[in-house]
Every structure is written in C-alpha cells, then in structure tokens.
Amino acid sequence: MYKLRQYQSEAVESTVKHFRRTNEPAVIVLPTGAGKSLVIAEIARIARRKILVLTHVKELVEQNHQKFHDYAEQAGIKSGVFSAGLNRKETKHQVTFASVQSVVRNLEQFAHEYSLVVIDECHRVSHFEEQSKTNAESASEKSGNQYSQIVSQLKSYNPELKILGLTATPFRLGLGWIYQHHYHGFVRSSQATPFKKCIYELPLSYMIKNGFLTPPKLIDAAVEQYDFSALQSNKFGEFDDAEVNELLGKYPRVTEGIVEQIQMLAAGNENELERKGVMIFAATVKHAKEIVGYLESKNETAGPAKEQSADDVSKVALITAKTKNDERAQLINDFKAQKIKYLVNVSVLTTGFDAPHVDLIAILRPTQSVSLYQQIVGRGLRLAEGKQDCLVIDYAGNGINIFHPEVGEKKPDSRSELVQVFCPSCGFANTFWGITDNDGKVLEHYGRACQGILEMPEDEVLDNSMLEGSMSANPQDNEVMPCDYRFRFKECPTCNAQNDIAARECHDCKNQLVDPDEKLKEALKLSNRMVIRCSGMTFSEHNGALKIVYYDEDATELKEFFDLSSEKQRTVFNLQFGRRFRNSSEPRNFLSLNEVLKESQGFIIPDFVIAKKDPKRKSKTHIVWQVQEKIFDYKGKYRTANEL
Ligand SMILES: [Zn+2]
Ligand SMILES: [Zn+2]
C-alpha cells in the first residue's frame, strides 16, 4: 500500500546501522513534509521488540499511529495508543504511540522493557539526564524534563535502551544544537546535548528539487520595507515588543502600503493565479492588529469592484498566543476550508501547523534564525492540488536564504551572509556568517572554532542489533576526535593555550582566565592606564623595528614596537598577530620585518588596547604610554569600534 521513498529507506537504514554499533541517542533531520511518520512506521515495523513512540500533542500521536496502522498492521504487527486526550491507555502491544504528558502521569504502567524510544519533534527535549535545574527556564524546559523522566524509567528496565529523535529543526537560538556530531563529519556543539549524533539529514532543497514540496517563488518587496537592523535581539533571537512597536511607529504608512501590495498579489492578474491562502507573519500583537485593520478596510472598499472574490473568501483572521484553543482550532479549520483567506499571526503558527493550500507567505517580522525563517516559509511549501508555487515576500529585510544550512549562530547583522572558510589545520570547509566584498571574497567572518572531525568511529557492524534484540553495543568504540583549531580565541596567559572566547578556565592548564570585561573595568578605573577602543592600526618601520600605531575612533593613538630580529619578540608577534592572519584562516609565522610590512593588510585589529603609564620614561611635554595588553576577538558588554 505504501512504498518508502528512497530517502525514507536511507533514514531507516542509518538508524539500524547506528544502533547496531552503539546505544548513543541519535537524531534524524527531515524537513516538514518529508513524511516522518512513514519513517517511524517502518522502524517500528522492523523492530522485533517493544517500542514506544512519543509525541507532545495528541494530533501527532493519532497521525503517527494511523500511518503505522495503514502501513504495517496487515503484516500482523499490533499497535496501541496511550493518550488521555484520545481516551486510550494501551500498553500491551509491540508498538505504542503515546503522548508525553500521559506517559509521565502514568509512569507505573511503563514498568517493563522497551528496546527503543522514538521521539517525534525531538527538538523539544532539552536533556535526558536528571539535572537539578532550579531556574526552570520556560515551559519547553519543563516538557523537556518529562522526556527525561520517561527515559530514566525505561532505562531502569533496560539499560541498553536506544533513543531515536526526529525533527525538522535541530537548532534553536539560545538553546543551541540538540546533537553534537553530524554524520558528514563535523561538530555542532562541544556542550552536552540530548542527542549524540545526527545520523541522517535531508535538506529542504532536495525535497523541492524532487517535487516533494512546492517551489517557493521569492519576490522582492517592491514597496517599502521595514528596517529592523537597529534592534538587538536576546539570546533566543527574540526582539522586545515595545522596541519593535516603537520602531514600527516610525513607519506609519509602510504597513498600509505593504498590506495593499499583499492584497494585490493575492488577487492575481493575467500572469499570476489568484492566491488561495495567505499567511502573514507579524512582529507584535499591535502590529498584527494594525495589519488586520488594513486588510478589513481594504476588503470593504474593494468589494463592489471585484465581484467574484469579494465574498467570505477574503475574510481575515488573527491568531496570537492569547487566542483560546477552541477559537484557534475553529479559525484554523475555517482557513483550511478556505472560508478565510488571510491568516495573520504572531509567532504561533511556525511549527506543527499544516494547511497545504497556503500559497502566499508574507514575512513582516524580524528574525535572525535560519531555522525559524525556513519554518515560516515551509508553511507554504506543502503540495496541494492545482498549486504551482508559493509566493514568498520578506518585508523585514531578513535576507536569509531558505536553502542555506543553519549556521548555529544568530545572523550578526544585515550585511552578513554565509561564507565558507577552510580550516588551515584540517582542511574542513566551515560555514560561518561573514562579510564578503563584491567579488565574493571573504573579508571577515564570525566563526569561532573549526567544526571538522578528525576521526569518526568506524562504521563497523557488530553482530548485535536493537532489531534482533541483543545487548551490549560498546560505547567506548565511539570516541570522536574533533579538530581543535580556533579562529577566535583568548590565549591563556600562563600556558599560551588557545581557549574559546567565552571560556572561564584554561582547557589545558586549568588556570582561571580573566574575563576581558573585568580587565577593561579594572583598567578604566586606574588613572595610570589608558584604554582605547581600537578602530584601526598602521604598520611601519622605525629604527629597524616594526612600529604599530593603534587608533581609536577619535584618532587617539597608542604605539607599540616589535624587534622582529629578536626571536623572543618575533614569537610574541606571531602568537598575537601571525596566528590571526586573515581572520585566522591563514595563520603564519612571520620571520622578518619586510615580510610583515608587505602583508600588513591581512592582520587583524585588536578590539581594545590597554596601555600603562611608563614610570621610567617621563617626558616634560607628554606622558609616555606603554602597551600592556591587547584584547582580540572580544565578546562582552562594551561596545567595540565599527559596531553600531
Ligand atoms: Zn579543522
Ligand atoms: Zn593555560
């Protein structure tokens, strides 16, 4: 009845292969619309022992169970449902589809052995180990803990329990990646993550190219657009409502113009089909209400002129986080039934919402997350009868390409784009945010550390498998050795080791690393210190030595000299400057002054230079300052030069 698509079979094969080797929790990343439930059904079908499929909402429990039923039940594999919302509490079958909340409330009914837990929408899991977190961060953190409770319970009956997650969004701003290593051989995170490895991933572009999703048709915002670039987001990439409203208040006419354009595009013309479902993503509730106001007033005035579509079809609905559940369900139903044409929402319909007929997406909100942007656009990419494409218009100037991979960092500013930076140590092609010139040459990039992996565990197949049900995959066989090259770092003053710019302690000698903010604060307090926010520097020759002049934005300057014929000074110069040559992408050991002067354009400017009054050299007319420390790759609360 069903035949797996090739990538679905590949995802299943990767799962089997992975769990033959290890019990480490694994993730499969498939875009929305890739048919996750069929992948789950096939895994459940070939498993020989009991498995549990967890989801956070009853709709998905039902959907996954239905798919399995249609797919595998004829083969004689019985499945059951455990969900209070669906009024079913079955645990005796080989495959159980359950809602997380219901299982957590009835853990005693899961006091037997399962070989595998499959977690759908697994980006909601924050960790599996029970950690005593006192400052419960959010509701999602709480539900993340529910997964952890279930896993602990099942592990007490089977220490060899395998855990498989499925998601379309393995990265969330502020929370980071949900896994550490990718099967293509790179590191996503050096922090603890709930899942160890991504074992299969399918990009959105594959789905579109192969006709499994509708192609987006990107249109330039012909009318004006918002400029959100002056706003700062928090670590979750969210913007402050009051600030956004204030900024939008400065564009009184823009929103009206945008709404007019959306309505024009939605109406279609001789070259373009009339659009059936329009989703508008607003920045704040106030903004959304303003949009709804314009849509409704335009509808009334446009009504008589456009007989054929001036009826209920042009109706408008608004959904915000405050919209009550039953009202929301009703509005979504009406939208799906095409009784409502325009659905305006404020950050609520990005995931899990599925109305295949949507064929116009208008983005009026800022975001710095590639994943979030993809989720928004993804709402319009489902296949539907008669649908040829989905118009996508970004009025917020987010400038994100939906075909680009997730970088794992906020987009630093509107000028940034994805750049490829090869690691000088291992050769891995890293993807970072960066800035390029007109020819596409990378001028600057924001990458911190190489993401390459030097050694991946071998894909050797042991003679045991979760699917045949034997035990003891050996986790020690799976040591991954990541490349340790850093593009941005702070040196340990004790041992010179290079540490992450946020590290508190040297990874090598374990000495405390002083926070650069502390250094700056300290220096700013002392009258015999001077701190400049460095915006430029020049290299020249002075009595056979290298003279560096550092300037701040007001052209205050500090000087420093390096005698490059002295081995000791040369070493210091190379540690500080040579190592960072061309954004650390071409580290070099400079041997002579001439060589340095010839390449002076490629050196990186420190963010701050701290100097000290030289007590020995007193001049009558001016104080002699001696450079004491330079802070490179600064990240902290002080503003750096050239930053807004
Ligand atoms: Zn590397
Ligand atoms: Zn150290």
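## Details of the coordination of the zinc ion (ligand 1)
Coordination of the zinc ion (ligand 1) by the protein comes from Cys423 (SG), Cys426 (SG), Cys450 (SG) and Cys483 (SG), over a distance range of 2.2 to 2.4 Å. For the zinc ion (ligand 1), the 4 donor atoms are set out with angles of 102 to 117 degrees between them, so the coordination reads as tetrahedral. Expressed as a motif, the donor residue spacing for the zinc ion (ligand 1) is C-x2-C-x23-C-x32-C. With cysteine 426 in the loop between strand S19 (417–422) and strand S20 (429–436) and cysteine 483 in the loop between strand S23 (481–482) and strand S24 (490–491), the pair connects residues that are 57 residues apart, well separated along the chain. By relative accessible area, cysteine 483 is classed as buried at 7%.

## Quick word on the coordination of the zinc ion (ligand 2)
Note on metal sites: the ideal angle is 109.5 degrees for four tetrahedral donors, and 90 or 180 degrees for six octahedral donors. At the metal site, the zinc ion (ligand 2) is ligated by Cys492 (SG), Cys495 (SG), Cys506 (SG) and Cys509 (SG), and these contacts range over 2.2 to 2.3 Å. Coordination at the zinc ion (ligand 2) is tetrahedral: its 4 donor atoms span angles of 104 to 117 degrees at the metal. Sequence spacing of the donor residues for the zinc ion (ligand 2), all on one chain, is C-x2-C-x10-C-x2-C. Note on cysteine 492: relative accessible area 1%, which makes it buried. Judged by relative accessible area, which is 31%, cysteine 495 ranks as partly exposed.

## Things to note about the sheet that holds strand S21 (residues 442–445)
Read from one edge to the other, the open sheet built from 3 strands follows the order S19-S20-S21, with strand pairing classed as antiparallel. This sheet does not close on itself; its edge strands, each paired only once, are S19 and S21. Taken over all neighbouring pairs, the strand axes of this sheet differ in orientation by 60 degrees on average, direction set aside. Where S20 meets S21, 3 bridges bridge the pair, whose relative direction is antiparallel. Its bridge partner lying in S21, isoleucine 435 is registered against glutamate 444.

## Looking at helix H1 (residues 6–21)
Between its terminal C-alpha atoms H1 stretches 23 Å, which fits the 22 Å expected from 16 residues at 1.5 Å a residue. Residues Tyr7, Gln8, Ala11, Val12, Ser14, Thr15, Val16, His18, Phe19 and Arg21 constitute the buried set of H1.

## Brief notes about the confidence of the model for the chain
Detailed conclusions should not be drawn from predicted coordinates in areas where pLDDT is low. Chain-level pLDDT for the chain is 86 on average; 89% of the residues reach the 70-or-more range. Across residues 130–140 the pLDDT falls below 50, and counting only partners more than four positions away or on other chains, this stretch makes 10 contacts in the model. A low-confidence stretch, residues 460–477 (pLDDT under 50), is modelled with 33 contacts involving residues beyond four sequence positions or located in other chains.

## What to know about the environment of leucine 295
As for its placement among the helices and strands, leucine 295 is situated in helix H9 (residues 285–302). Remark: the alpha-carbon pair of leucine 295 and valine 259, spanning 36 residues in sequence, is separated by 6.6 Å. Sequence-distant contacts of leucine 295, that is, excluding residues within four places in its chain, are made with Val259, Gln263, Ile280, Val316, Tyr342 and Val344.

## Observations concerning the pairing of strand S15 (residues 316–319)
Side-chain positions along a regular strand alternate between the two faces of the sheet. In this sheet, strand S16 (residues 342–345) lies alongside S15 in parallel orientation, the contact comprising 4 bridges. Of the residues in S16, the one forming a bridge with valine 316 is tyrosine 342. Running through helix H10 (residues 325–336), the crossover from S15 to the neighbouring parallel element S16 is right-handed.

## Describing the nonpolar core
The biggest cluster of nonpolar side chains holds 67 residues, and the ones touching the most others in it are Leu164, Met279 and Ile361. Here this core takes 6 residues from helix H2 (residues 36–46), the largest share from any one element. Setting aside anything within four residues of it in sequence, one finds methionine 279 in contact with Phe335, Leu343, Asn345, Leu349, Phe353, Val358, Leu360, Ile361, Ala362 and Arg379. Ile258, Val316, Tyr342 and Leu364 belong to the second largest nonpolar core, which has 34 residues in total.

## Topic: the environment of glycine 434
Here glycine 434 is to be found in strand S20. Under the relative-accessibility criterion, glycine 434 is labelled buried at 0%. Residues glycine 434 and valine 421, spaced 13 residues apart in sequence, show a C-alpha to C-alpha distance of 9.3 Å. Setting aside anything within four residues of it in sequence, one finds glycine 434 in contact with Arg415, Ser416, Glu417, Val419, Glu444, His445 and Tyr446.

## Concerning the packing of aromatic side chains
On inspection of all chains with the given rule, the structure shows 28 aromatic pairs. Relative to phenylalanine 573, the ring of phenylalanine 539 lies with its centre 6.4 Å away and its plane at 65 degrees, an arrangement referred to as edge-to-face. In this pair, phenylalanine 539 is assigned in strand S26 (residues 529–542) and phenylalanine 573 in helix H13 (residues 567–578), connecting sequence segments 34 residues apart. Taken as a pair, phenylalanine 539 and phenylalanine 573 share a single burial class, namely buried. Seen from their ring centres, phenylalanine 573 and phenylalanine 577 are 5.3 Å apart, and the 25 degrees between their planes marks the pair as stacked. You can see phenylalanine 573 and its partner phenylalanine 577 sitting in helix H13, 4 residues apart, about one turn around the helix. On the accessibility criterion, phenylalanine 577 (0% relative accessible area) is buried.

## Brief notes about the pattern of salt bridges
Summed over all chains, the structure comprises 24 salt bridges. As a salt-bridge pair, lysine 217 and glutamate 272 come within 2.6 Å of each other at their nearest N and O atoms. With lysine 217 in strand S13 (residues 216–219) and glutamate 272 in the loop between helix H8 (252–267) and strand S14 (277–281), this residue pair connects regions lying 55 residues apart in the sequence. On the basis of relative accessibility, which here comes to 34%, the residue lysine 217 falls in the partly exposed class. Several salt bridges converge on common partners, so that one network encompasses Arg582, Glu586, Arg588, Glu595 and Glu599.

## With respect to the environment of lysine 197
Locating lysine 197 in the fold gives a position in strand S12 (residues 195–201). Its relative accessible area of 12% is what places lysine 197 among the buried residues. Separated by 17 residues in sequence, lysine 197 and glutamine 180 have C-alpha atoms that sit 5.7 Å apart.

Rules of the game
- Residues numbered from 1 in each chain as written.
- Chains lettered and ligands numbered in written order.
- Predicted model: local features only at pLDDT ≥ 70, side-chain atom pairs only at ≥ 80, totals over all residues.
- Heavy atoms only, no water.
- Donors = N, O, S within 2.8 Å, 3.2 Å for Na, K, Ca; no water.
- Tetrahedral: all angles 85-135°; square planar, octahedral: opposite > 155°, others 65-115°.
- Helix = DSSP H or I, 4+ residues; strand = E, 2+ residues; numbered from the N terminus.
- Buried < 20%, exposed > 50% of the residue type's maximum accessible area, 1.4 Å probe, protein only.
- Pairing = 2+ DSSP bridges.
- Axes fitted to C-alpha atoms, helices over the stretch in contact; angles between N-to-C directions.
- Expected span 1.5 Å × (residues − 1).
- pLDDT = per-residue confidence, 0-100.
- Contact = heavy atoms within 4.5 Å.
- Right-handed = clockwise from strand over helix to strand, strands pointing away.
- Core = buried A, V, L, I, M, F, W, Y, C linked by side-chain atoms within 4.5 Å.
- Phe/Tyr/Trp six-rings, centres within 6.5 Å; stacked < 30°, edge-to-face > 60°.
- Salt bridge = Lys/Arg side-chain N within 4 Å of Asp/Glu carboxyl O.

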